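# Secondary and tertiary structure notes
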Amino acid sequence: MNTDLLRTFMEVAKTRHFGHAADNLYLTQSAVSSRIKQLEELLGVTLFTRQRNNILLTPAGERLLPHAENLLASWQLTVQEIGIPKQQNLQLSLGGTSNLWDTFLKSVLPKLCEQFPNTYLRTEINPPQYLIRALLGGRIDIFATLDAPTNIDLDSKKIGSLELIMVCNSPDQTLEEVPQIGHVFVDWGTAFNLQQARLFAEPVAPILHTAQSHIALEFILSYKGAAYLPKAFVESYLENGMLFPVKGTEQISQDVYLIYSKNTDKAHALNPIISFFEELDIKPDMSVQLIEK
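A few points on the structure. (Residues numbered from 1 in each chain as written. Predicted model: local features only at pLDDT ≥ 70, side-chain atom pairs only at ≥ 80, totals over all residues. Heavy atoms only, no water.)

## Section: the overall build of the chain
Defined as follows: Helix and strand definitions here come from DSSP, where helices need a minimum of 4 consecutive H or I residues and strands a minimum of 2 consecutive E residues; each element is numbered from the N-terminal end. Partly exposed residues are those whose accessible area sits between 20% and 50% of the maximum for their type, while under 20% is buried and over 50% is exposed, using a 1.4 Å probe and protein chains only. Note on contacts: a residue pair is in contact if any heavy atoms of the two residues lie within 4.5 Å. The Shrake-Rupley method, run with a 1.4 Å probe sphere, supplies the accessible areas, and residue values consider only the shown protein chains as cover.
Helix and strand counts for the chain come out as eleven helices and eleven strands. Within the chain, the fraction of its 293 residues that count as buried is 42%. For the chain, long-range pairs separated by at least 24 residues make up 73% of all intrachain contacts whose partners lie at least 6 apart in sequence. Carbon together with sulfur atoms contributes 50% to the accessible area of the chain, which is approximately 15500 Å² in total.

## Description of the packing of helix α1 (residues 3-15) against helix α2 (residues 18-25)
Rules: Simply put, an axis is a line fit to the C-alpha atoms, just over the touching stretch for a helix, and the angle between two N-to-C directions goes from 0 to 180 degrees. Every angle not falling under 35 degrees, over 145, or within 65 to 115 is termed oblique; those three ranges are roughly parallel, roughly antiparallel and roughly perpendicular. When the near helix sits turned anticlockwise from the far one by under a right angle, the crossing is termed left-handed; a clockwise turn instead gives a right-handed crossing. Lys, Arg, Asp and Glu make up the charged group, whereas Ala, Val, Leu, Ile, Met, Phe, Trp, Tyr, Cys and Pro make up the nonpolar group; the residues left over, Gly among them, are polar.
The interhelical angle for the contact between α1 and α2, taken along N-to-C directions, is 130 degrees, at an axis separation of 8 Å. Taken together, the axes of α1 and α2 lie oblique to each other. Relative to α2, the crossing made by α1 is right-handed. Residues Arg7, Thr8, Glu11, Val12 and Thr15 of α1 pack against Phe18, His20, Ala21, Asn24 and Leu25 of α2. Split into classes, the residues belonging to the contact of α1 with α2 amount to four nonpolar, four polar and two charged.

## What about the environment of Leu27?
Along the chain, Leu27 turns up in the loop between α2 and α3 (29-43). Considered as a pair, Leu27 and Thr8 are 19 residues apart in the sequence and their alpha carbons are 9.8 Å apart. The contacts of Leu27, once residues within four sequence positions are left out, are Ala22, Val32 and Arg35.

## Focus on the pairing of strand β4 (residues 119-125)
Note the threshold: Strand pairing is assigned whenever DSSP detects at least two bridges linking the two strands. A crossover counts as right-handed when, viewed with the strands pointing away from the observer, the path leading from the first strand over the helix to the second turns clockwise.
Here seven bridges tie strand β3 (residues 90-96) to β4, and the two strands are oriented parallel to one another. Considered in β4, the bridge of Leu94 is made with Thr123. In the classification by handedness, the crossover that spans β3, the intervening helix α5 (residues 98-115) and the parallel β4 is right-handed.

## What about the environment of Ile36?
Checked against the element boundaries, Ile36 lands in helix α3. As for Ile36 and Phe277, which are separated by 241 residues in sequence, their C-alpha atoms are 43 Å apart. Excluding anything up to four places from it in sequence, Ile36 contacts Thr8, Phe9, Val12, Phe18 and Phe48.

## Details of a nonpolar patch on the surface
Quick reminder of the rule: To count toward a patch, a residue needs a relative accessible area above 30% and no salt bridge. Like charges then connect within 9 Å, nonpolar side chains (Val, Leu, Ile, Met, Phe, Trp, Tyr) within 5 Å. Basic side-chain nitrogens of Lys or Arg form a salt bridge, by our definition, when they fall within 4 Å of a carboxyl oxygen of Asp or Glu.
Where nonpolar side chains cluster on the molecular surface, the patch consists of Leu42, Leu43 and Val45 and spans about 240 Å² of accessible area. Positionally, Leu42 belongs in helix α3.

## Some remarks on the nonpolar core
What counts, and what does not: For the purposes of this section, nonpolar cores are sets of buried Ala, Val, Leu, Ile, Met, Phe, Trp, Tyr and Cys residues that join through side-chain atoms within 4.5 Å.
With 54 residues, the main nonpolar core has Leu112, Ile273 and Phe277 as its most contacted residues. If one sorts the elements of this core by residue count, strand β6 (residues 154-168) sits on top with seven residues. Not counting residues up to four positions away in its chain, the partners in contact with Leu112 are Leu92, Leu94, Leu121, Ile273, Phe276 and Phe277. In terms of nonpolar packing, the next biggest core, distinct from the first, is built from 18 residues, Ala13, Val32, Leu39 and Leu47 among them.

## So, the environment of Asp281
Tracing the sequence through the fold places Asp281 in the segment after α11 (267-279). A relative accessible area of 56% places Asp281 in the exposed class. Sequence separation of Asp281 and Gly160 is 121 residues, and the distance between their C-alpha atoms is 7.1 Å.

## Focus: the pattern of salt bridges
According to the stated counting rule, one finds eight salt bridges in the structure shown. In this structure, the salt-bridge partner of Arg133 is Glu69, at a minimum N-O distance of 3.0 Å. Taken together, the positions of Arg133 in helix α6 (residues 128-136) and Glu69 in helix α4 (residues 59-82) put the pair 64 residues apart, joining distant regions of the chain. Across the pair Glu124 and Arg139 runs a salt bridge whose closest N-O atoms are separated by 3.7 Å. With a gap of 15 residues between them, Glu124 in strand β4 and Arg139 in the loop between α6 and β5 (142-145) connect regions that are remote in the sequence. The exposure class assigned to Glu124 is buried, which follows from its relative accessible area of 14%. Three or more residues are tied together by salt bridges with common partners; here these are Glu69, Glu124, Arg133 and Arg139.

## Looking at unusual backbone geometry
Even without being glycine, Arg16 reaches a positive phi, approximately 55 degrees. Its location among the elements puts Arg16 in the loop between α1 and α2. Residues other than glycine seldom take positive phi values, yet Tyr26 does so here, at roughly 60 degrees. Looking at the secondary structure, you find Tyr26 in the loop between α2 and α3.

## A short note on the packing of aromatic side chains
Test applied: Only the six-membered ring of Trp is used, alongside the rings of Phe and Tyr, when aromatic pairs are assigned; centres must lie within 6.5 Å, and planes under 30 degrees apart are stacked while those over 60 apart are edge-to-face, with the rest tilted.
For the structure shown, the criterion picks out six aromatic pairs. Measuring from ring centre to ring centre gives 6.2 Å for Phe18 and Phe48, while their planes differ by 70 degrees; the resulting arrangement is edge-to-face. Of this pair, Phe18 sits in helix α2 while Phe48 sits in strand β1 (residues 48-51); the two residues are 30 residues apart in sequence, bridging distant segments of the chain. Judged by relative accessible area, which is 10%, Phe18 ranks as buried. Taking the relative accessible area as the measure of exposure, Phe48 reaches 9% and is therefore buried. Note on Phe276 and Phe277: the rings are 5.7 Å apart at their centroids and 85 degrees apart in plane angle, and the pair reads as edge-to-face. The burial state of Phe276 is the same as that of Phe277; both residues are buried. Through a chain of ring-to-ring contacts, the aromatic side chains of Phe9, Phe18 and Phe48 assemble into a single cluster.

Structural data, given as structure tokens:
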């Protein structure tokens, strides 16, 4: 299998446009069309259809997508593992959801390297369903998430919790006033999102929906709105009067889990790393100051 064909297929599937895919791959549009045609002939199926000037995946194309993703990732892992220097004896692929990388995982990487100096690190940022697929497919070794999956092939360890509070940029605001000042919906996992949905007597459309706490914080500081953010993340803003707690809301604790495969060949090597995460004092990373009001 020519990996260039799969890479081109993935790019067209992502952009839904042959011209944009060609630009991203530094190819001509005819070269992209030729590669897709070669792949279709090789597989004996049609992968894309055109509907109202829109490129859509066929059912066969939808079925190919996760396999192409796995094949390309596996090939990349193979190339990287072959090229690992002799003194680096373990490749660790660490995944996480966007909000956890944004909040604390990025600050864990230097600590990991310090604790395990012979480890070669790779990272992946994706929604939970993609991370589960990557873990089961062997593309990543462990990942952090806010919702522990119920899968018989996976195991989980609680590695900490985030204390979340609702804040806004003006004083004396109540929960009842949030629909007027604007609800900034931050994705903190399925269980917590259900709680957020039940906050209001009537459905409230958020003025911003994001999976990154930094985006929510900057939006509130520079514009308006109220959002649940990690307490440790906003404490300095509360102290200097740039943010205020929303009255009538409760502090909510959201557990963080580390997920790994029960049947991995790397179990012996991963156990110390899993223990390292269990002993971590998980706190939001405040190393970067965003903006001043």
